[in-house]
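Given next are the chains, with one letter for each unit.
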Amino acid sequence: MSDSWKLTLPCTRAEAEAIDASDDLTIDAALMTTEEIEDDVESWRLDAYFEHEPAADTVAAVRALVPSAAGAEIAVERLGDADWVTMSQAGLEPLSVGRFFVHTGAHAGAVPADKRAFLIEASRAFGTGHHETTSGCLAMLDGLAGADFANVIDIGTGTGLLAFAAAHLWPEAAVMGTDIDPVSIDVTRENADLNGVFGIELIVADGTLDDAIVAKAPYDLVIANILAGPLVSMAPEIASIADSGATIVLAGLLETQRAGVVAAYAACGCSLEAVDRRGDWSVLRLKAGAARFVADGPFDPKGRDGWALDI
C-alpha cells in the first residue's frame, strides 16, 4: 500500500457548504469540511485526502476551492502506509435520522438494531447524509412513511442514499435513480451492492428528458436534491413527469433562494406543503396540481437558462 497524503486549508462556512453541495468537483480526493469553532462562519477547515502525493496542479485546484485562504499556508501531511479512505472517514460521525442510520466503515460497529443502516463512504459523489440537504431529505421521506407511493424517481441521486431510503420505505414501489455524472451512477451501483439494495433502476441522464425516464412517467414521488439554479430551470421538466397530486421533494437550495424555487413550481401548478429548514438550507415538499402539468412545447436543455428566475 502506498503512502497517503493530506492537505489542509482554513475556509469559511459558505465555502464549506459550496464544496459539500457540489456534484461536479474533478479533484480525485476525499474532501472533508469541519467546523473549527461552533457558530463562527469564518472558522472552518478543509481537509483533502489523497491516495498518492498530489501534484502541484492538484494542490492549486484544492486551494482554488477556498478563495478566503488565498494568503494562508497550505498544510501538507504525509500519512504513511495507511488506508486513505478509512482515515478520511474518521471525522464523519454516524447520522441517525428517523428510521435510518447512515455511517461509514469506520463506525460499522455502532449500528442500532432498530434502524435501517446504510454504509455510505465519502467519495466523488455527493450524498453521505451529513450535509443539511441530504439529512433534511431523509427526514422528509421518513415523515412520508405512512403515504403510499408506487413510482419513485430520485433526480441527482449522488451516492444513491435517498433512492435507497425510498426503496426501504416503499418496498413495492418502482424506484429509479438518475444523475448527470456517470461516476455517481457507478458509486450508487456499488453502494446498492454494499447495502443489499436491489431492483433500483439507475440511469445516467441530464435532467428528465431521457427516454427511459419519460417512458416510466408519471411518478407519484419525485425527489430532486440538486441546486437552486437547476431546480428552477428544470421546474417544467420535473412537473411534467409528476403525476397529478404527486409529492415533490426539492433540496439543495438556501433559505434565501426558497421564494424563487417555490415560484417556479407554482407556475407549473405545484403548491408548497412543508418546509424543513436546516441552518441556511431548506428542504421543500410540494404537491403537484390536480391535473398533470403539460408544457407549452418541447423541452430544449439548451434553453433551460431562459426559464431560470433571478434567485
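Small disclaimer: the values here were computed from a predicted structure and weren't measured.

> Any details on the overall build of the protein chain? Residues and values, ideally.
Each helix and strand in the protein chain was counted, giving 11 helices and 14 strands. Across the 311 residues in the protein chain, those meeting the buried criterion constitute 51%. Contacts spanning at least 24 positions in sequence make up 69% of the contacts within the protein chain whose residues lie at least 6 apart. Total accessible area computed for the protein chain in this model is approximately 13800 Å², and 51% of it derives from carbon and sulfur atoms.

> So what's going on with the nonpolar core? Residues and values would help.
If you look at the biggest cluster of nonpolar residues, it comprises 34 residues, and the most contacted ones within it are Leu138, Leu141, Val152, Trp170, Ile200 and Leu221. For this core, the secondary structure elements donating two or more residues are strand 5 (95-97), strand 6 (100-103), helix 4 (132-143), helix 5 (161-169), helix 6 (182-194), strand 11 (219-225) and strand 12 (242-254). Counting residues per element, this core draws most heavily on helix 5, at eight residues. Setting aside residues no more than four positions away along its own chain, tryptophan 170 makes contact with Leu141, Leu144, Ala145, Ala147, Phe149 and Leu221. Counting residues in each nonpolar core, the second largest holds 32 residues, with Ile213, Tyr219, Ala235 and Ala239 among its members.

> Describe the side chain of asparagine 191, listing the residues and the values that go with them.
One can find asparagine 191 in helix 6. Residues in contact with asparagine 191, not counting those within four places in the same chain, are Leu119, Ile120, Thr159 and Phe164.

> Account for the environment of alanine 274, naming residues and giving values.
Note on placement: alanine 274 falls in strand 13 (residues 271-278). Residues alanine 274 and methionine 140 lie 134 residues apart in sequence; the distance between their C-alpha atoms is 9.0 Å. Discounting chain neighbours no more than four positions away, the residues touching alanine 274 are Met140, Val283, Leu284 and Arg285.

> Got a sec to walk through the pattern of salt bridges? Specific residues and values, please.
Side chains bearing opposite charge may pair, as long as their charged atoms lie close to each other. In the structure shown here, the tally under the stated rule is eight salt bridges. Close ionic contact of aspartate 186 with arginine 189 constitutes a salt bridge, the shortest N to O distance being 3.6 Å. Residue aspartate 186 and its partner arginine 189 are both found in helix 6; the two are separated by three residues, about one turn of the helix. Here aspartate 186 falls in the partly exposed class, since its relative accessible area comes to 42%. Here aspartate 276 makes a salt bridge to arginine 278, at a shortest N to O gap of 3.1 Å.

> Tell me about the confidence of the model for the protein chain, residues and numbers included.
Scored by pLDDT, the protein chain comes out at a mean of 84, with 85% of its residues at no less than 70. Across residues 124-130, confidence stays below pLDDT 50; counting only partners more than four residues off in sequence or on other chains, it has 35 contacts. Counting interchain partners and residues more than four positions distant, the pLDDT-below-50 stretch residues 306-311 has 17 contacts.

> Please provide a residue-by-residue account of the sheet that holds strand 14 (residues 281-287), values included.
The seven strands lie next to each other as 10-9-8-11-12-14-13, forming an open sheet whose pairing is mixed. Both outer strands of the open sheet, strand 10 (201-204) and strand 13, are each paired with one neighbouring strand and no more. Each neighbouring strand pair of the sheet contributes to a mean axis angle of 15 degrees, computed without reference to strand direction. As paired elements, strand 13 and strand 14 share seven bridges and run antiparallel to each other. The residue of strand 14 that forms the bridge with leucine 272 is leucine 286. The strands that helix 10 (residues 258-266) touches are strand 12, strand 13 and strand 14; relative to strand 12, the one it contacts most, it runs at about 160 degrees.

> Tell me about the sheet that holds strand 5, and name the residues and values.
Spatially, three strands are ordered 5-6-7 in an open sheet, and the strand pairing comes out mixed. On the outer flanks of this sheet lie strand 5 and strand 7 (116-119), each paired with one strand and no other. Across the sheet, the axes of successive neighbouring strands diverge by a mean angle of 20 degrees, strand direction being ignored. Across four bridges, strand 6 lies against strand 7 in parallel orientation. Bridge assignment links valine 102 to a residue of strand 7, and that residue is phenylalanine 118.

Criteria and cut-off values
- Residues numbered from 1 in each chain as written.
- Predicted model: local features only at pLDDT ≥ 70, side-chain atom pairs only at ≥ 80, totals over all residues.
- Heavy atoms only, no water.
- Helix = DSSP H or I, 4+ residues; strand = E, 2+ residues; numbered from the N terminus.
- Buried < 20%, exposed > 50% of the residue type's maximum accessible area, 1.4 Å probe, protein only.
- Contact = heavy atoms within 4.5 Å.
- Areas by Shrake-Rupley, 256 points an atom, 1.4 Å probe, with all protein chains shown as cover.
- Core = buried A, V, L, I, M, F, W, Y, C linked by side-chain atoms within 4.5 Å.
- Salt bridge = Lys/Arg side-chain N within 4 Å of Asp/Glu carboxyl O.
- pLDDT = per-residue confidence, 0-100.
- Pairing = 2+ DSSP bridges.
- Axes fitted to C-alpha atoms, helices over the stretch in contact; angles between N-to-C directions.

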